[in-house]
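Chain by chain, the residues run as shown.
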Amino acid sequence: MYVNYPASQFESLSLTTDPHPEEVEIEKELIELPPLTRTSLPSSNGDGGIYLAQRGNSLATQKSEELKKTLLVHRHERQLVILQDFPDPDALSCAWSYQLIAQQYDIKCDIVYAGTLSHQENIALVKLTNLPAQRWTMQTLKNKDLSSYQGFVLIDNQGTTSQLLPAIQQAGIPLIVLVDHHSLQGELKSEFTDVRPYVRATATIFTQYLQAGLLTLDNSISQHVKCATALMHGLRSDTNRLMQAQEEDFMAAGYLSRFYDVQLLNAILQANRSKRVMDVIERSLKNRIVQNNFSIAGVGYLRYEDRDAIPQAADFLVTEENVHTAVVYGIVHDEDDELEVVIGSLRTTKLTLDPDEFIKEAFGQDSAGRFFGGGRTGAGGFEIPMGFLSGGNENSAYAKIKWEVFDAQIKQKLLRLVNPRDNPI
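Note that the structure is a prediction, hence the values are computed from the model and not measured. (Residues numbered from 1 in each chain as written. Predicted model: local features only at pLDDT ≥ 70, side-chain atom pairs only at ≥ 80, totals over all residues. Heavy atoms only, no water.)

Right, let's get into the overall build of the chain. When you go through the chain residue by residue, the secondary structure sums to 15 helices and 12 strands. Expressed as a percentage of its 425 residues, the buried residues of the chain come to 50%. Within the chain, contacts between residues separated by at least 24 positions form 70% of all contacts whose residues are at least 6 apart in sequence. Summing over all exposed atoms, the chain offers an accessible surface of approximately 21,000 Å²; the carbon and sulfur share of this is 51%. (Helix = DSSP H or I, 4+ residues; strand = E, 2+ residues; numbered from the N terminus. Buried < 20%, exposed > 50% of the residue type's maximum accessible area, 1.4 Å probe, protein only. Contact = heavy atoms within 4.5 Å. Areas by Shrake-Rupley, 256 points an atom, 1.4 Å probe, with all protein chains shown as cover.)

Printed below as a string of structure tokens:
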């Protein structure tokens, strides 16, 4: 539980006993110390003072200054902020933060994603905060005049999980900013790059930008409070409720605690699971196989809007006794774009298992050299387009055969790593 205590509440506390003479002398010595020898906290009015973990202080300061210079170069422009097809709280909150920061430099940003919001908490986050993210399908993109954009931005992804990227690149729009906490997925040329895989959440990176003064948060501005709430949710989500947080993440959470709305965050977190999500979780329980402490489950066909049921099922399966890693996957069909893709999620509590390496090793790359998936600490995901085999599911016999083939192939690729001949994971 997060609680905001006003500073005045602490200021009113006083000791009822007189201090010892030694304590008085110590206090005098502290007061007389030069300013640079003590760590000072930013004031509660959001003065932009830097309050960062010591390890990342210099890098965070350097990157904040580099981003500021980049934004100055692109004043008065219009940019596209591209999120992964199924954006999570970390991506959504950071995109909003970037938009607010960019406004300081008269840069207008449109936040877009090609997929859908299906996780109940993501839907609640966008609705309750009025987070300005738009869904652009591939059909929508065809009707857009991209010439009005002078650059695009990738946040919490590197383009490998967005259908929009090829069309944006084909339109000749340059990549201006790339900020992510996932491992490098390939070569991307960006004017400004801040990729830190050791940081647990991209929200931590953006909070550091705020602390460095790129945006002065103000408790009296509703939009700032809602954005801080979104960042806290993103940080909390990507660190498993702060259980996997490191020093920098805790410091970022401490900073945000002075601005976010506790009641609003609770409302977002209390969003109920839909019946369809519960059905997918039930299906994963029924279909799972457990080998070498891995739980692997195929859940068959899902509607596009139910895609986020897959990571929720993985979150559930990994809590089973004697299971340290869960992988759940299914075939997701988008009727609007006639698109079909195999989507999977991995969750692990095993500290020595790197989800990014595991998924890349299991599924490899496409013909263009792009990996089908990747990950971060404790979690990962993959998306494999079905191409020519998409559709035709109105024929139940064909649909059954197609699922059996993909189910068998995915299990084969996973089990090759789960039960290797040498050095089992």
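Next, the rest of the story.
Once that is clear, we can look at a nonpolar patch on the surface. Side chains of Phe 388, Leu 389 and Tyr 398 sit close together on the surface and give an oily, nonpolar patch of about 350 Å² of accessible area. The topology assignment puts Tyr 398 in helix H15 (residues 396-418). (Patch = residues over 30% accessible without salt bridge, like charges linked within 9 Å, V, L, I, M, F, W, Y side chains within 5 Å. Salt bridge = Lys/Arg side-chain N within 4 Å of Asp/Glu carboxyl O.)

A few words now on the sheet that holds strand E2 (residues 108-113). Read from one edge to the other, the open sheet built from 6 strands follows the order E3-E2-E1-E4-E5-E6, with strand pairing classed as parallel. The two strands at the open ends of the sheet, each matched to only one other strand, are strand E3 (133-135) and strand E6 (192-195). Looking at each pair of strands side by side, their axes are set apart by 25 degrees on average, direction ignored. Bridge count for strand E4 (residues 151-155) against strand E5 (residues 175-180) is 4 bridges, and the pairing is parallel. Bridge assignment links Phe 152 to a residue of E5, and that residue is Leu 175. Packed on one face of the sheet, helix H4 (residues 89-103) meets strand E1 (78-82), E2, E3, E4 and E5 and runs near 165 degrees to E2. With respect to the sheet, helix H8 (residues 202-211) is in contact with E4, E5 and E6, its orientation differing from that of E5 by roughly 115 degrees. (Pairing = 2+ DSSP bridges. Axes fitted to C-alpha atoms, helices over the stretch in contact; angles between N-to-C directions.)

Across the 6 residues of E5, 6 count as buried, placing the element largely inside the fold. Following the chain from E4 across helix H7 (residues 165-170) to the adjacent parallel E5, one finds a crossover that is right-handed. Pairing of E5 with E6 involves 4 bridges; the strand directions are parallel. Counted as the bridge partner of Leu 178 is Thr 193 from E6. (Right-handed = clockwise from strand over helix to strand, strands pointing away.)

Rolled over the atoms, a probe with the dimensions of a water molecule shows which regions are left empty. Considering only enclosed or pocket space, the second largest pocket measures out at about 430 Å³ in volume. Taken together, 17 residues form the lining of the second largest pocket, with Thr 160, Gln 163, Arg 370, Glu 383 and Pro 385 sitting closest to its centre. Here the residues of the lining of the second largest pocket sort into 8 nonpolar, 5 polar and 4 charged. (1 Å grid on protein atoms, 1.4 Å probe; cavity = no way out; pocket = protein on both sides within 12 Å on 5 of 7 lines; lining within 4 Å. Points joined across faces, edges and corners; volume = space filled by probe spheres on them. Nonpolar A, V, L, I, M, F, W, Y, C, P; charged D, E, K, R; others polar.)

Right, let's get into empty space enclosed by the protein. Going through the model one piece at a time under the given rule, you end up with 1 cavity of 30 Å³ or more. Its volume calculated, the largest cavity comes out at about 30 Å³. Forming the boundary of the largest cavity are His 181, Pro 197, Val 199, Arg 200, Asp 238, Arg 376 and Thr 377.

This part takes up the pattern of salt bridges. Summed over the entire model, instances satisfying the criterion amount to 16 salt bridges. Linking Arg 307 and Glu 383 is a salt bridge whose minimum nitrogen-to-oxygen distance equals 3.9 Å. Placement of Arg 307 in the loop between strand E8 (294-303) and helix H13 (309-317) and of Glu 383 in strand E12 (residues 379-385) is noted, with a sequence separation of 76 residues between them. Look at the salt bridges and you will find they share partners, linking Arg 276, Arg 303, Glu 305 and Asp 306 into a network.

What follows concerns the packing of aromatic side chains. Tallied over the full model, the rule gives 8 aromatic pairs. Consider the rings of Tyr 255 and Phe 259, whose centres lie 5.3 Å apart with planes at 55 degrees: the pair is tilted. Grouping residues by exposure puts Tyr 255 and Phe 259 together as buried. Within the aromatic cluster, the residues linked to one another by ring pairs are Tyr 301, Tyr 329 and Trp 403. (Phe/Tyr/Trp six-rings, centres within 6.5 Å; stacked < 30°, edge-to-face > 60°.)

Moving on, we come to the nonpolar core. The biggest cluster of nonpolar side chains holds 57 residues, and the ones touching the most others in it are Val 81, Leu 83, Tyr 98, Ile 101, Phe 206 and Tyr 209. Sort the elements by how many residues they give to this core and H4 lands first, with 9 residues. Not counting residues up to four positions away in its chain, the partners in contact with Ile 101 are Leu 71, Phe 206, Tyr 209, Leu 210, Leu 214 and Leu 215. Ranked by size, the runner-up nonpolar core spans 21 residues in total, among them Phe 382, Ile 384, Met 386 and Val 418. (Core = buried A, V, L, I, M, F, W, Y, C linked by side-chain atoms within 4.5 Å.)

Now for the sheet that holds strand E9 (residues 325-334). Reading across the sheet, the 6 strands line up as E7-E8-E9-E10-E12-E11 and stay open at both edges, with mixed pairing between neighbours. Each edge of the open sheet carries a strand with a single partner, namely strand E7 (289-291) and strand E11 (373-376). Sheet twist, expressed as the mean angle between neighbouring strand axes with direction ignored, is 15 degrees. Strand direction decides the pairing type here: E8 and E9, joined by 8 bridges, are parallel. Each residue of the ladder has a partner; that of Arg 303, found in E9, is His 333. The sheet contacts of H15 involve E7, E8, E9 and strand E10 (339-348), and relative to E8 the element is tilted by about 155 degrees.

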